[in-house]
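Architecture at a glance
In case you want the letters, here they are:
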Amino acid sequence: MAREILLAGRTFKVRGLKRKEVKQLRRDGFNLLDLNLAQADDVLDRVFEMVFPEAEFARIDELLNRDCLGLWNAILIETYGSPEEEKNSSRSGNGTPTRTANEEPKPASA
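Residues numbered from 1 in each chain as written. Predicted model: local features only at pLDDT ≥ 70, side-chain atom pairs only at ≥ 80, totals over all residues. Heavy atoms only, no water.

A few points about the pattern of salt bridges
When the charged atoms of two side chains lie near each other, side chains of opposite charge can form a pair. Inspection of the entire model under this criterion finds four salt bridges. Taking the shortest distance from any N to any O, the salt bridge between Glu 78 and Arg 3 comes out at 2.5 Å. Linking Glu 78 in helix H4 (residues 65-80) with Arg 3 in strand E1 (residues 2-7), this pair joins segments that are 75 residues apart in sequence. The partly exposed category is assigned to Glu 78, whose relative accessible area is 23%. Taking the shortest distance from any N to any O, the salt bridge between Glu 56 and Arg 59 comes out at 2.8 Å. For Glu 56, a relative accessible area of 16% puts it in the buried group. For Arg 59, a relative accessible area of 28% gives the class partly exposed. (Salt bridge = Lys/Arg side-chain N within 4 Å of Asp/Glu carboxyl O. Helix = DSSP H or I, 4+ residues; strand = E, 2+ residues; numbered from the N terminus. Buried < 20%, exposed > 50% of the residue type's maximum accessible area, 1.4 Å probe, protein only.)

Below is the structure:
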């Protein structure tokens, strides 16, 4: 699923990375959750090549670097999720936390 974001007056369709793409990046030496500054430009280029069609590259290269980082952040959110989205998602179940193995059961209220 893709999300449209507006940056610098331009709309971009952003999608998360597929599991196989994350694995390929790791094999190529890029751990998305533990990057160093020396890898930043290379990994942005690689990820943008995976996410955007080739026709978008010229538009992306004309963005300010901070806007490119906005694209990067949107891709990471689509790939891994964000705490804000998880916090605002609807709960599953009845809202009662699951007991742990060492916890005594609480009496049912009448």
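Moving on from the coordinates now.
Quick word on a negative patch on the surface
Residues Asp 41, Asp 42, Asp 45, Glu 49, Glu 54, Asp 61 and Glu 62 make up a contiguous surface patch of negative charge. The element contributing the most residues to the negative patch is helix H2 (residues 40-51), with four residues. Turning to its location among the elements, Asp 45 is positioned in helix H2. Judged by relative accessible area, which is 41%, Asp 45 ranks as partly exposed. (Patch = residues over 30% accessible without salt bridge, like charges linked within 9 Å, V, L, I, M, F, W, Y side chains within 5 Å. Areas by Shrake-Rupley, 256 points an atom, 1.4 Å probe, with all protein chains shown as cover. Lys, Arg positive; Asp, Glu negative; His and termini not counted. Charge placed at Lys NZ, Arg CZ, Asp CG, Glu CD.)

Regarding a positive patch on the surface
Where like charges cluster on the molecular surface, the positive patch consists of Arg 19, Lys 23, Arg 26 and Arg 27. By the element assignment, Arg 19 lies in helix H1 (residues 19-27). Taking relative accessible area as the criterion, Arg 19 reaches 53% and is therefore assigned exposed.

Some remarks on the nonpolar core
Grouped together as the largest cluster of nonpolar side chains are 22 residues, with contacts concentrated most on Phe 12, Val 47, Phe 52 and Leu 71. At the level of elements, E1, strand E2 (10-15), H1, H2 and H4 are the ones that each hand at least two residues to this core. Excluding residues that lie within four positions of it along the chain, Val 47 makes contacts with Leu 17, Leu 25, Leu 32, Trp 72 and Ile 75. (Core = buried A, V, L, I, M, F, W, Y, C linked by side-chain atoms within 4.5 Å. Contact = heavy atoms within 4.5 Å.)

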